Amino acid sequence: MSNLQEFSMNFFNLNEKVAIVTGGNTGIGQGYAVGLAKAGADLVVATYDTNWDETRKMIEAEGRKVVFVQADLTKAKDRKKVIDEAINTFGKIDILVNNAGTIRRAPLLEYKEEDWNAVMDINLNAVYFLSQDVAKIMVEQKSGKIINIASMLSYQGGKFVPPYTASKHGVAGITKAFANELACHNVQINAIAPGYIATDNTAPIRADEKRNAEILGRIPADKWGEPFDLMGAVVFLSSRASDYINGHVLAVDGGWLVR
């Protein structure tokens, strides 16, 4: 039987896989967590707050197990707590989705050092150190998938969000650096770059008629994305179907980057 004949839709099946999703209780992160559960994975969801009842119900409705861990991922002890919970509960970590992040807006010339540090700590430093620790486990297992969350501002400069832009360029760079060193251990590291997605965080932009019209005018799909639109991408990059994809940043943007 040739390799072509071996392929089946089971390549997308995540049964018996264990995934950590950071910031997985609302918005886009919730979409990632529920998407992985629908594909068969059990979950450890790390969140800064305890607003996770809705997400728990959605995951358990798929017949999957989920454990929530309240954690400040800028702190080493909390990152260890998340990893320990996954190992103690499920015995392994197959997938890490680094979704947790923050944004603070101000003009460049007025941006405060403490705001810069706060954004970089969660968007870049926490991603690096959590990935590093999880990668040690995956290398020992000889398998694993790390999925970082980049942004349209991994490609562009944006306005009024200098540390967010810097951090998301950094996420793209970390993705490529990890891939270069870990591919030989059967660990794949890729990123998803969401376009403009309708969530609570983007509600103020969508409520601004002028800004909303500017954004829609640049999206060939002529609509904002939904967390639903990202579920297929995270399942694909978590699955056997993506085993020969490494160091890639996948834009899910309705065509924003090509306009």
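No experiment lies behind these values; they were computed from the predicted model shown.

Enquirer: Explain the nonpolar core here, please?
Expert: What tends to happen in soluble globular proteins is that the nonpolar side chains get buried as a cluster. Core analysis: the largest hydrophobic core is formed by 43 residues, its most contacted members being V82 and I93. Secondary-structure elements contributing two or more residues to this core are β1 (18-22), β2 (42-47), β3 (66-70), α4 (76-90), α5 (113-141), α6 (162-182) and β6 (187-194). Per-element tally for this core: the top contributor is α5, with nine residues. Counting 30 residues, the second largest nonpolar core, distinct from the first, contains A37, V45, V234 and V235.

Enquirer: Explain the packing of aromatic side chains to me, please; I cannot follow it from the model alone.
Expert: When we look at a pair of aromatic rings, we describe it by the centre distance and by the angle of the planes. A complete count under the given rule lists eight aromatic pairs for this structure. Here Y196 and W224 contribute two aromatic rings whose centre-to-centre distance is 5.5 Å and whose plane-to-plane angle is 85°, an arrangement assigned as edge-to-face. Taken together, the residues Y196 in the loop between β6 and α7 (203-207) and W224 in the loop between α8 (209-218) and α9 (228-238) connect sequence positions 28 residues apart. Given a relative accessible area of 22%, Y196 falls into the partly exposed group. A relative accessible area of 9% places W224 in the buried class. Consider the rings of Y196 and W256, whose centres lie 4.7 Å apart with planes at 50°: the pair is tilted. Of this pair, Y196 sits in the loop between β6 and α7 while W256 sits in the segment after β7 (249-252), and the two are 60 residues apart along the sequence. Looking at W256, the relative accessible area reads 7%, which means it is buried. Within the aromatic cluster, the residues linked to one another by ring pairs are F7, F11, F12 and F236. Note that R206 overlies the ring of W224, its terminal NZ or CZ placed 5.7 Å from the centroid.

Enquirer: What am I meant to see in the packing of helix α2 (residues 27-38) against helix α3 (residues 53-60) here?
Expert: Between two packed helices, the angle of one axis relative to the other and the distance separating the axes together describe the packing. Where α2 contacts α3, the axes come no closer than 9 Å and their chain directions differ by 20°. When the axes of α2 and α3 are compared, the pair comes out roughly parallel. Here the hand of the crossing between α2 and α3 comes out right-handed. Contacts between α2 and α3 involve Q30, A33, V34 and A37 on the former and, on the latter, E54, T55, M58 and I59. Looking at the contact of α2 with α3 residue by residue, the classes come out as five nonpolar, two polar and one charged.

Rules used in this analysis
- Residues numbered from 1 in each chain as written.
- Predicted model: local features only at pLDDT ≥ 70, side-chain atom pairs only at ≥ 80, totals over all residues.
- Heavy atoms only, no water.
- Core = buried A, V, L, I, M, F, W, Y, C linked by side-chain atoms within 4.5 Å.
- Buried < 20%, exposed > 50% of the residue type's maximum accessible area, 1.4 Å probe, protein only.
- Helix = DSSP H or I, 4+ residues; strand = E, 2+ residues; numbered from the N terminus.
- Phe/Tyr/Trp six-rings, centres within 6.5 Å; stacked < 30°, edge-to-face > 60°.
- Lys NZ or Arg CZ within 6 Å of the ring centre and 35° of its normal.
- Axes fitted to C-alpha atoms, helices over the stretch in contact; angles between N-to-C directions.
- Parallel < 35°, antiparallel > 145°, perpendicular 65-115°, else oblique.
- Left-handed = near helix turned anticlockwise from the far one by under 90°.
- Contact = heavy atoms within 4.5 Å.
- Nonpolar A, V, L, I, M, F, W, Y, C, P; charged D, E, K, R; others polar.

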